Amino acid sequence: LILERVDFETYKFRLAGTRICQQFGRELRGEDFFTLWDLDEDRTTLEHHLSCITRQFKIGVFTFEAAVADAGTRGREPSEPVDDRLRTVTCEMILLPLVHTQGRVDRCLGAISRAYSPGVEAQAPLTDHRLTQTNLIVPDRPPVRASLSSVATSGTAAKREDEDDGNQRPFG
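Residues numbered from 1 in each chain as written. Predicted model: local features only at pLDDT ≥ 70, side-chain atom pairs only at ≥ 80, totals over all residues. Heavy atoms only, no water.

Remarks on the overall build of the protein
Phase 1: Helix and strand counts for the protein come out as 3 helices and 8 strands.
Phase 2: Sequence-ordered secondary structure for the protein, helices as α and strands as β, is β-β-α-α-β-β-β-β-α-β-β.
Phase 3: Buried positions account for 33% of the 172 residues belonging to the protein.
Phase 4: Counting every atom, the protein has about 11,000 Å² of accessible surface; 49% of that belongs to carbon and sulfur. (Helix = DSSP H or I, 4+ residues; strand = E, 2+ residues; numbered from the N terminus. Buried < 20%, exposed > 50% of the residue type's maximum accessible area, 1.4 Å probe, protein only. Areas by Shrake-Rupley, 256 points an atom, 1.4 Å probe, with all protein chains shown as cover.)

Rendered as structure tokens:
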């Protein structure tokens, strides 16, 4: 998935793969990312974290639970109770800063993965998303800002300092 920042309160799906759209039961392209979240506190948390991702080059890892449409109801008699554990599934989402133009991050590259849940149909659409855990990861090094033209005109591969003798050698 790719999210595009329109402003600091709007992130639209620029791209959402077939599997992600199936998981949410609809086409997501052009839709505001925050419409997936029912709770205002989840939206506020995600707005803050997306700001950190786009302004500070952090990585966001999120865990959320979602209800599964028709979960636990297939093949049962109407009078049988539905096991509530079959109605929710845990998902993980990662969002990475994506430098797009002029060295600014105005897009996020991401993925969403549904945890295996026995008895829950893998293709059933997800609804009622609720954040359960959020993590912001600070990369060990700042982002590298090199233009492709400078690499192309130098005609050399990326190099590093070798600590033993001070000579530069290509990576590898």
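With respect to the packing of aromatic side chains
Phase 1: Within the structure shown, the criterion is met by 5 aromatic pairs.
Phase 2: Plain terms: the ring middles of Phe33 and Trp37 are 6.0 Å apart, the flat faces sit at 65° to each other, and that makes the pair edge-to-face. Of the two residues, Phe33 and Trp37, neither departs from the other in class, the shared state being buried.
Phase 3: Through a chain of ring-to-ring contacts, three or more aromatic side chains come together here, namely Tyr11, Phe13, Phe33, Phe34, Trp37 and Phe64. (Phe/Tyr/Trp six-rings, centres within 6.5 Å; stacked < 30°, edge-to-face > 60°.)

Topic: the side chain of Ser51
Phase 1: With respect to the helices, strands and loops of the structure, Ser51 is situated in helix α2 (residues 40-56).
Phase 2: For Ser51, a relative accessible area of 18% gives the class buried.

Points about the pairing of strand β3 (residues 59-68)
Along any regular strand the residues' side chains alternate between the sheet's two faces.
Phase 1: Burial runs high along β3: 8 of the 10 residues are buried.
Phase 2: Both β3 and strand β6 (residues 126-137) contribute to a ladder of 9 bridges, which runs antiparallel. When the bridges of β6 are listed, Val61 appears paired with Asn135. (Pairing = 2+ DSSP bridges.)

Description of the pairing of strand β5 (residues 104-114)
Phase 1: Across 3 bridges, the pairing between strand β1 (residues 2-7) and β5 is antiparallel. Residue pairing across strands places Glu4 opposite Arg107, the latter belonging to β5.
Phase 2: Relative to β5, strand β4 (residues 88-101) runs antiparallel, the two sharing 10 bridges. Within β5, the position partnered with Leu96 by the bridge is Leu109.
Phase 3: Linking β4 back to β5 in an antiparallel pair, the connection comprises 2 residues, with Gln102 at a positive phi of about 55°.

Section: the sheet that holds β3
Phase 1: If you trace the 6 strands from one edge of the open sheet to the other, you get β2-β1-β5-β4-β3-β6, paired in antiparallel fashion. For this open sheet the edge positions go to β2 (10-15) and β6, each flanked by a neighbour on one side alone. Along the sheet, successive strands turn relative to each other by an average axial angle of 30°, direction set aside.
Phase 2: Along the sheet, α2 makes contact with β1, β2, β3, β4, β5 and β6, crossing β6 at roughly 40°. (Axes fitted to C-alpha atoms, helices over the stretch in contact; angles between N-to-C directions. Contact = heavy atoms within 4.5 Å.)

Looking at the pattern of salt bridges
Phase 1: Under the counting rule described, the total for this entry stands at 4 salt bridges.
Phase 2: A salt bridge links Glu31 to Arg26; its shortest N-O distance comes to 2.9 Å.
Phase 3: On the basis of relative accessible area, Glu31 is assigned to the buried category, the value being 18%.
Phase 4: When salt bridges with common partners are traced through the structure, they connect Glu4, Arg14 and Arg107 into a single cluster. (Salt bridge = Lys/Arg side-chain N within 4 Å of Asp/Glu carboxyl O.)

Things to note about the confidence of the model for the protein
Phase 1: On average, residues of the protein score 78 in pLDDT, and 69% of them are at 70 or above.
Phase 2: The spread of mean pLDDT over the elements of the protein runs between strand β7 (residues 159-161), the lowest at 35, and β2, the highest at 96.
Phase 3: This model gives residues 72-82 a pLDDT under 50, and the stretch forms 9 contacts once residues within four places in sequence are excluded.
Phase 4: Taken as a whole, residues 150-172 scores under 50 in pLDDT and shows 17 contacts with residues more than four places along the chain or in a different chain. (pLDDT = per-residue confidence, 0-100.)

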